[in-house]
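Descriptive analysis of the structure
Residues per chain are reported as follows:
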Amino acid sequence: SMLADRYSVETENITENLNYEYLSSLFLRVMPMIYVVDSTLLSQKDQNALLKFLVEPASNSKVIILCENKSSLLETIQSRCFQVKFKPYTSEDLSHFTDDSTILAYASTPGQVIELQRVGIDQIVQLCNTILDNIDSASIPNILTLSNKFNFGKNPEKIDIGLFSRILVRKTLDRVVSDSRFYSAYNVVNSLYNKLGIPGIDKKKLFESKLLDLKFA
C-alpha cells in the first residue's frame, strides 16, 4: 500500500486468480497496477501460471511476490525478480500487534500474529499436544481426517499448514528435552516443515504421509 500511495496506482492481490483466463484479462487494462502474490499459497500449477505472466507481463504493471522462504519458488521465477530482503521482526516489533505472550513466543511476522489471533493460539497448541499424545494409538482413518483442519493453499478460513507445522516442531522439540524418545518424532515433524517449502509439492499428501510416519516413529 505504501508503494501504491507513493506512485498513485492501485494494487490488487491476484494470489487466488493465477489462471490463464484471469491473467489474460489483465492485458486489457490500461491503467497502471501493482499486482501482489502471496507465494505461501501457490501450487505448482499456480507457479507455472505466474511464471508465464512474469515472462510476458502486462504493460504498465509491476508484480510484488511476498515470500518467507525463496526456496519455495521455482528458480525460473526467482531469476526474473529483483529480490529485496527485510530484517527479521523482533519481539518488540511484534509486540505492537499483540500483547499475548504465547503468540509472541511462536510468531515471527505480523501476518503470523494475525493468523494466530484469528485461529486461536490455544487451539493450535492443544492440537499439537493432542497429536503428540495420541497419534500412536489413533486409527489410520482418524489420523487422515486431521488434514481437513488445514489450509494447504486454497482454504484461508482453515489453519495454515506452514505455521502449524512450525509450532508442531517447537512443541515436539520441547518434549525431546525431557524425553529422548520424542527425538524420532522431532525428525519427522522437522522434515515435514522443511519439505513444505519445496516448490510444487502436494502439501496435503505430504502432511498425511508424515502423520503416518509420526504414528510409527
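What counts and what doesn't
- Residues numbered from 1 in each chain as written.
- Predicted model: local features only at pLDDT ≥ 70, side-chain atom pairs only at ≥ 80, totals over all residues.
- Heavy atoms only, no water.
- 1 Å grid on protein atoms, 1.4 Å probe; cavity = no way out; pocket = protein on both sides within 12 Å on 5 of 7 lines; lining within 4 Å.
- Points joined across faces, edges and corners; volume = space filled by probe spheres on them.
- Helix = DSSP H or I, 4+ residues; strand = E, 2+ residues; numbered from the N terminus.
- Nonpolar A, V, L, I, M, F, W, Y, C, P; charged D, E, K, R; others polar.
- Pairing = 2+ DSSP bridges.
- Axes fitted to C-alpha atoms, helices over the stretch in contact; angles between N-to-C directions.
- Contact = heavy atoms within 4.5 Å.
- Parallel < 35°, antiparallel > 145°, perpendicular 65-115°, else oblique.
- Buried < 20%, exposed > 50% of the residue type's maximum accessible area, 1.4 Å probe, protein only.
- Right-handed = clockwise from strand over helix to strand, strands pointing away.
- Salt bridge = Lys/Arg side-chain N within 4 Å of Asp/Glu carboxyl O.
- Phe/Tyr/Trp six-rings, centres within 6.5 Å; stacked < 30°, edge-to-face > 60°.
- Lys NZ or Arg CZ within 6 Å of the ring centre and 35° of its normal.

Under the criterion given, the structure shown has 1 cavity of 30 Å³ or more. Counted as a void, the largest cavity has a volume near 30 Å³. Forming the walls of the largest cavity are L168, V188, V189, L192, F207, K210, L211 and L214. Listed by contribution, the elements that provide at least two residues to the lining of the largest cavity are helix 11 (183-195) and helix 12 (203-215). When residues in the lining of the largest cavity are grouped by element, the largest group, 4 residues, is from helix 12. Taken together, the residues of the lining of the largest cavity sort by class into 7 nonpolar, no polar and 1 charged.

Pairing is parallel in the open sheet, where 3 strands are placed in the order 1-2-3. The open sheet has two free edges, formed respectively by strand 1 (10-13) and strand 3 (61-66), since each of these has just one partner strand. On average, adjacent strands in this sheet sit at an angle of 25° to one another, irrespective of strand direction. One ladder, built from 4 bridges, connects strand 1 with strand 2 (residues 33-38); its direction is parallel. By the bridge assignment, E12 is partnered in strand 2 with Y35. Lying on the sheet, helix 3 (residues 44-55) is in contact with strand 2 and strand 3; it crosses strand 3 at an angle near 145°.

Time to look at the packing of helix 7 (residues 110-119) against helix 10 (residues 161-178). At a minimum axis distance of 11 Å, the contact between helix 7 and helix 10 shows a crossing angle of 90°. Between helix 7 and helix 10, the crossing angle belongs to the class labelled roughly perpendicular. Of the residues in helix 10, those in contact with Q112, E115 and L116 of helix 7 are L163, R166 and I167.

Inspection of the secondary structure assignment puts Y186 in helix 11. For the pair Y186 and R170, spaced 16 residues apart in sequence, the C-alpha separation works out to 8.8 Å. Every residue in contact with Y186, bar those within four places of it in the chain, is listed here: V169, T172, L173 and V176.

What follows is about the pairing of strand 2. Remark: a regular strand shows side chains that alternate across the two faces of the sheet. In terms of residue burial, strand 2 counts as a mostly covered element, since 5 of its 6 residues are buried. As a crossover connection, the stretch from strand 1 through helix 2 (residues 20-26) into strand 2 is right-handed. Pairing of strand 2 with strand 3, which is carried by 6 bridges, proceeds in the parallel orientation. Residue pairing across strands places Y35 opposite V63, the latter belonging to strand 3.

Time to look at the pattern of salt bridges. Scanning the model with the defined rule gives 6 salt bridges in all. With a shortest N-O distance of 2.7 Å, D179 and R181 are connected by a salt bridge.

Overall, the coordinates contain 7 aromatic pairs when judged by the stated rule. Between F152 and F207, the ring centres sit 6.0 Å apart and the planes meet at 50°, which makes this aromatic pair tilted. One end of the pair, F152, is in the loop between strand 4 (150-151) and strand 5 (159-160); the other, F207, is in helix 12, and 55 residues separate them in sequence. Of the residues examined, F152 reaches a relative accessible area of 19% and is grouped as buried. We classify F207 as buried; its relative accessible area is 1%. A centroid spacing of 6.4 Å and a plane angle of 35° characterise the contact between Y183 and Y186, whose relative ring orientation is tilted. Of this pair, Y183 and Y186 both sit in helix 11, 3 residues apart, which is roughly one turn of that helix. The exposure class of Y183 is partly exposed, given its relative accessible area of 47%. One aromatic cluster is present, formed by F150, F152, F164 and F207 through successive ring pairs. Lying across the ring of F216, K215 places its NZ or CZ 5.6 Å from the centre.

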